[in-house]
Amino acid sequence: MADTHDSRKRKAGAFGGDDSSKRSKQQPRGKQGKGSWNKNAEAFKNRSIQPGDSGIWATCDKGREGKCIAELRDLFGSYAEELYSDQLAAEAMDVDDDMEMDLEASIKAEVEGIKKPTQEPLFIPIKLDVQCVLFFRTRAPIEPVSFVRHICRDALNNPGRKRTRFAKRLSPMTLMGRASEEGLDEVAKKVLAPHFHKDPPEHRKFAIRPTLRNHNVLKRDVIIQKVAAMVGHGHKVDLKNYDDLIVVEAYTNVCGMSVVPSDFEELKRYNLAEIFSPTPKEQPKAEAIKAAPEETSNDAKEVAEEESETKPAEVAAPAEETAPAEPAKTESASTENVPAESTEVAAEVAEEKS
């Protein structure tokens, strides 16, 4: 029995008992080193949208977020090489020069395991806590509006060269800020100035299109009023024939803004799925229901016009009378002034109604 008791003590000490040596090696909770804190802050920044960012919103079907990120990363990278090849080549040369100038320091940093990429990627996907919506953070030389517009224009001009399956709408954001009235003012000042605050002044027609996702701080009407006030005098609101469309996107605690040209509707509001496979337009009910031939409808229009020109009693009297013509004349002498054609048409209409 004593041996059994001693063996239990040994097992407890080895697997489930108090191991003071292991505890002493572990760092107390809440007392992390400065380096680990900096790493966590940097990781959080890369995983979230920050004020001052620029980027592109993207939508997709539910459950297709991962595949949408993969195909947009390839699509964006391909167009970036096509549009910004010179700038990217210049960046690569600058990086090579820096490495040659301080080769010893770069080797030392690599050995120590603290070397970081000299240039962050052009597109960083950020996963959000809402379904069907993605965000790609961009950096220079990418200009979100012209970049997205070029992609959609290329898709419209080459409908047979479809390069996406899951991506739908792309919404470029020139600048992101905090989703508050103060943050909206700061973003609007920087984004609107190149378009509406030129010297000499240039009068523009504009419209405002706000979109809110998981956000209840800024109301739609407040956004429209504040942005319109920031546009300034000398410009006119035109919801259909605008020169510039101001797009505002608010999501949880951030908001973004951009100004897009007047071909926004032509490019299907930057919706790639609509460009490649347009949704059929709904026909009006009057066109969908064809109850009679065109000739019948034309006759009905003529009868309606004649009835509007004459009094109802004067037109309806000959159709309702079953007696000979003479009593009808004595009852209302004004029927003699009614043209024969109108009375015949009215009679035919009355017979059809009966």
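Computed from a prediction, not measured in an experiment: that's the story for all the values here.

A. Layout of helix 9 (residues 220–231). The terminal C-alpha atoms of helix 9 lie 17 Å apart, and with 12 residues this matches the ideal 16 Å at 1.5 Å per residue to within 8%. Looking only at helix 9, the buried set comprises Ile223, Val227 and Val231. For helix 9, the arc enclosing every buried residue in end-on projection is 65°, short of the 170-degree limit, so these residues lie on one face. Residues of helix 9 that are exposed and point over 90 degrees away from its buried face: Asp221, Gln225 and Ala229. As for helix 9, its buried residues are in contact with helix 8 (181–196), strand 6 (205–213), strand 8 (244–251) and strand 9 (254–261). Trailing helix 9 by a residue or two, Gly232 shows a phi angle of about 95°, which is positive.

B. Focus on the packing of aromatic side chains. Tallied over the entire structure, the rule returns nine aromatic pairs. Where Phe76 meets Phe123, the ring centres are 5.2 Å apart and the plane angle is 40°; that geometry is what we call tilted. Taken as a pair, Phe76 in helix 4 (residues 65–83) and Phe123 in strand 2 (residues 123–127) lie far apart in primary sequence, 47 residues in all. Judged on exposure class, the residue Phe76 and its partner Phe123 are both buried. Three or more aromatic residues link up through ring pairs in this structure, and these residues are Phe76, Tyr84, Phe123, Phe136 and Phe147. Taking NZ or CZ as reference, Arg213 lies 5.9 Å from the ring centre of Trp57, over its face.

C. Highlighting the sheet that holds strand 2. Strand order in this open sheet of four strands is 2-3-1-4, and the pairing throughout is antiparallel. Taken across any chain shown, the strands that pair with only one partner, and hence form the sheet edges, are strand 2 and strand 4 (167–173). The average undirected angle you get between the axes of adjacent strands in this sheet is 25°. Summarising the sheet, strand 1 (residues 54–60) and strand 4 pair through five bridges and their orientation is antiparallel. In the strand pairing of strand 4, Ile56 is matched with Pro172.

D. Structural detail: the side chain of Ser48. Within the fold, Ser48 resides in the loop between helix 3 (34–47) and strand 1. Side chain to side chain, Ser48 and Gln50 meet in a polar contact 2.7 Å long. Apart from the residues within four sequence positions on either side, Ser48 is in contact with Asp53, Ile126 and Arg137.

E. Molecular detail of the packing of helix 4 against helix 7 (residues 144–157). Put simply, helix 4 and helix 7 touch, their axes get as near as 11 Å, and they point 100° apart. Here helix 7 runs roughly perpendicular to helix 4, going by the angle between their axes. Only Phe147, His150, Ile151 and Asp154 of helix 7 make contact with helix 4, whose side of the interface consists of Leu75, Phe76, Tyr79, Ala80, Glu82 and Leu83. Partitioned by chemical class, the residues of the contact of helix 4 with helix 7 number seven nonpolar, one polar and two charged.

F. Molecular detail of the environment of Leu170. Structurally, the position occupied by Leu170 is in strand 4. Residue class for Leu170 comes out buried when judged on its relative accessible area of 1%.

G. Quick look at the packing of helix 8 against helix 9. The geometry of helix 8 relative to helix 9 is characterised by a closest axis approach of 9 Å and an angle of 40° between their N-to-C directions. The angle between helix 8 and helix 9 places the two elements in the oblique class. The way helix 8 lies across helix 9 gives a crossing that is right-handed. Taking contact as the criterion, the partners of Glu181, Leu184, Asp185, Ala188, Lys189, Leu192 and Phe196 in helix 8 are, on helix 9, Val222, Ile223, Lys226, Val227, Met230 and Val231.

H. Spotlight on empty space enclosed by the protein. Summed over all chains, the structure comprises two cavities of 30 Å³ or more. A volume near 70 Å³ is recorded for the largest cavity. Around the largest cavity, the lining residues are Leu75, Tyr79, Ile151, Asp154, Ala155, Asn158, Arg161, Arg163, Thr164, Leu272 and Phe276. Of all the secondary structure elements, the ones that give two or more residues to the lining of the largest cavity are helix 4, helix 7 and helix 10 (272–276). It is helix 7 that provides the largest number of residues to the lining of the largest cavity, a total of three residues.

I. Looking closely at the confidence of the model for the protein. Taken residue by residue, the protein gives an average pLDDT of 77. The fraction at 70 or more is 60%. Note that residues 11–25 has pLDDT below 50 and, in this model, three contacts with residues that lie over four places away or in other chains. Note that pLDDT drops below 50 for residues 291–347; the model gives that stretch 14 contacts with residues more than four away or on any other chain.

J. Up close: the pairing of strand 1. Of all seven residues in strand 1, seven are buried, a share of seventy percent or more. Side chains Ser54, Ile56, Ala58 and Cys60 project from strand 1 onto one buried face, and the interleaved Gly55, Trp57 and Thr59 project onto a second face that is buried too. Relative to strand 3 (residues 133–138), strand 1 is paired through six bridges, and the arrangement is antiparallel. Residue pairing for strand 3: Ala58 is matched across the bridge by Leu134.

K. Up close: the sheet that holds strand 5 (residues 175–178). Taken in spatial order, the five strands line up as 5-9-8-6-7 in an open sheet, and their pairing is mixed. Strands at the two margins of the open sheet, each flanked by one partner only, are strand 5 and strand 7 (236–237). In this structure, strand 6 lies alongside strand 7, joined through two bridges in parallel fashion. In the sheet register, Phe206 faces strand 7, and the bridge partner there is Val237. Each of strand 6, strand 8 and strand 9 touches helix 9; the most contacted strand, strand 6, lies at about 145° to it.

What counts and how
Residues numbered from 1 in each chain as written. Predicted model: local features only at pLDDT ≥ 70, side-chain atom pairs only at ≥ 80, totals over all residues. Heavy atoms only, no water. Helix = DSSP H or I, 4+ residues; strand = E, 2+ residues; numbered from the N terminus. Expected span 1.5 Å × (residues − 1). Buried < 20%, exposed > 50% of the residue type's maximum accessible area, 1.4 Å probe, protein only. Arc of directions from axis to C-beta. Contact = heavy atoms within 4.5 Å. Phe/Tyr/Trp six-rings, centres within 6.5 Å; stacked < 30°, edge-to-face > 60°. Lys NZ or Arg CZ within 6 Å of the ring centre and 35° of its normal. Pairing = 2+ DSSP bridges. Axes fitted to C-alpha atoms, helices over the stretch in contact; angles between N-to-C directions. Polar contact = N/O pair within 3.5 Å; in protein donor to acceptor, adjacent residues only side chain to side chain. Parallel < 35°, antiparallel > 145°, perpendicular 65-115°, else oblique. Nonpolar A, V, L, I, M, F, W, Y, C, P; charged D, E, K, R; others polar. Left-handed = near helix turned anticlockwise from the far one by under 90°. 1 Å grid on protein atoms, 1.4 Å probe; cavity = no way out; pocket = protein on both sides within 12 Å on 5 of 7 lines; lining within 4 Å. Points joined across faces, edges and corners; volume = space filled by probe spheres on them. pLDDT = per-residue confidence, 0-100.

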